[in-house]
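Each chain, letter by letter, is given below.
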Amino acid sequence: MIPDSVLRGCYNRRSLFFEHNIHENPLFDVEHLAELVCKEPELTRSAYCSCEPASVTDSWASGLPAYRVVRDALHQVATDNALIMLRHIERSVSIGPLLREFMEQVVAAVGPALRTDIKTSRATLLIASPRRITSYHIDSNTNFLFQIRGDKRLSVFDPSDRTLVTPEELEGYYSGDISAAKYKPERQADAQVFDLHAGSAVHIPSHAPHWAQNLDSVSVALSLNFDLYSLERVGRIHRLNARLRSLGFLPEPPGGSAWKDEIKLGMSALNRGVNWWARHTETSGEGTPLPRD
């Protein structure tokens, strides 16, 4: 790991390359992971699996794959064109304790800025075929990506550049379109490009667009994701801004005005309360239900 002071200075502001030693553990061999899924099939309940060719600009699929699909993709990953994401792998009986300990080390290294802001956390294993592309996207969590097996070229962009990720794209993302951020080929030169190998890692801030291409071998990477209360607030403002924009307004993005943000958060809370009341009265039969959005 890197010195805590360096990590804390970059945390959730800009991407940062560092090194680790978790790749030395044989538990993360592809063969062991395939066996793990067979022994603990519940680990596939929230998995993502794509066996179709992918490009940088492709949208992300939705839905949960069947256990059999994930199992077969893991066994064939060396010769297929697959991307498998095993989310919440920290719940595993066999490797969960190790991952939870590792997550705690990351939290301790970052310090209070992360620890006091965590809403939920999870560990995700990403297993991908040779030359497989992980499409361009943004995430609403803060991310620490550890390369464990194979080689990967990762492009990460500035999360604060609103000419790259527009307010409209963020509003679309928080309104449910996980592929709202669109790759702009003419901006590729603005990316930080990291050549990752076993033992290297990158911190990817929230909202930092990124995409990756594996090189000539199977890639295994560990992504530690932390959902933050502060980002939940930002997301609520973006969702409200999307509604305001649909009504013809030009809303100010989060962070532009503290008092406007507070008003929007209040409006969001009121709207959630109304929606809860509407659902409650529909199920209980009490009162007159209000129309849903």
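Treat the numbers as computed from the prediction; the structure is a model and nothing was measured.

1. Considerations on the packing of helix H2 (residues 30-39) against helix H3 (residues 67-75)
One way to put it is that H2 packs onto H3 with a least axis distance of 9 Å and a crossing angle of 160°. Classified by the angle their axes make, H2 and H3 are roughly antiparallel. Note that H2 runs across H3; the crossing there is left-handed. Here H2 contributes Val30, Leu33, Ala34, Val37 and Cys38 to the contact with H3, which in turn contributes Tyr67, Arg71, Leu74 and His75. Classifying every residue of the contact of H2 with H3 by side-chain character gives seven nonpolar, one polar and one charged.

2. Considering the sheet that holds strand E7 (residues 152-156)
Strands sit in the order E5-E10-E7-E8 across an open sheet of four strands; the sheet is antiparallel. A strand with exactly one partner marks an edge of an open sheet, and here the two such strands are strand E5 (133-137) and strand E8 (192-196). On average, each strand axis in the sheet is inclined to that of its neighbour by 15°, with strand direction left out of account. Strand direction decides the pairing type here: E7 and strand E10 (residues 210-214), joined by five bridges, are antiparallel. In the strand pairing of E10, Lys152 is matched with Asn214.

3. Some details on the packing of helix H6 (residues 167-174) against helix H7 (residues 229-246)
When two helices pack together, you describe them by how their axes are tilted relative to each other and by the distance separating the axes. Running from N to C, H6 and H7 point in directions that differ by 105°, and their axes come no closer than 8 Å. When the axis of H6 is compared with that of H7, the two are roughly perpendicular. Counting all contacts with H6, which are made through Pro167, Glu168, Leu170, Glu171 and Tyr174, the residues of H7 involved are Leu231, Gly235, His238, Arg239, Asn241, Ala242 and Arg245. In terms of residue class, the contact of H6 with H7 is made up of five nonpolar, three polar and four charged.

Conventions we followed
- Residues numbered from 1 in each chain as written.
- Predicted model: local features only at pLDDT ≥ 70, side-chain atom pairs only at ≥ 80, totals over all residues.
- Heavy atoms only, no water.
- Axes fitted to C-alpha atoms, helices over the stretch in contact; angles between N-to-C directions.
- Helix = DSSP H or I, 4+ residues; strand = E, 2+ residues; numbered from the N terminus.
- Parallel < 35°, antiparallel > 145°, perpendicular 65-115°, else oblique.
- Left-handed = near helix turned anticlockwise from the far one by under 90°.
- Contact = heavy atoms within 4.5 Å.
- Nonpolar A, V, L, I, M, F, W, Y, C, P; charged D, E, K, R; others polar.
- Pairing = 2+ DSSP bridges.

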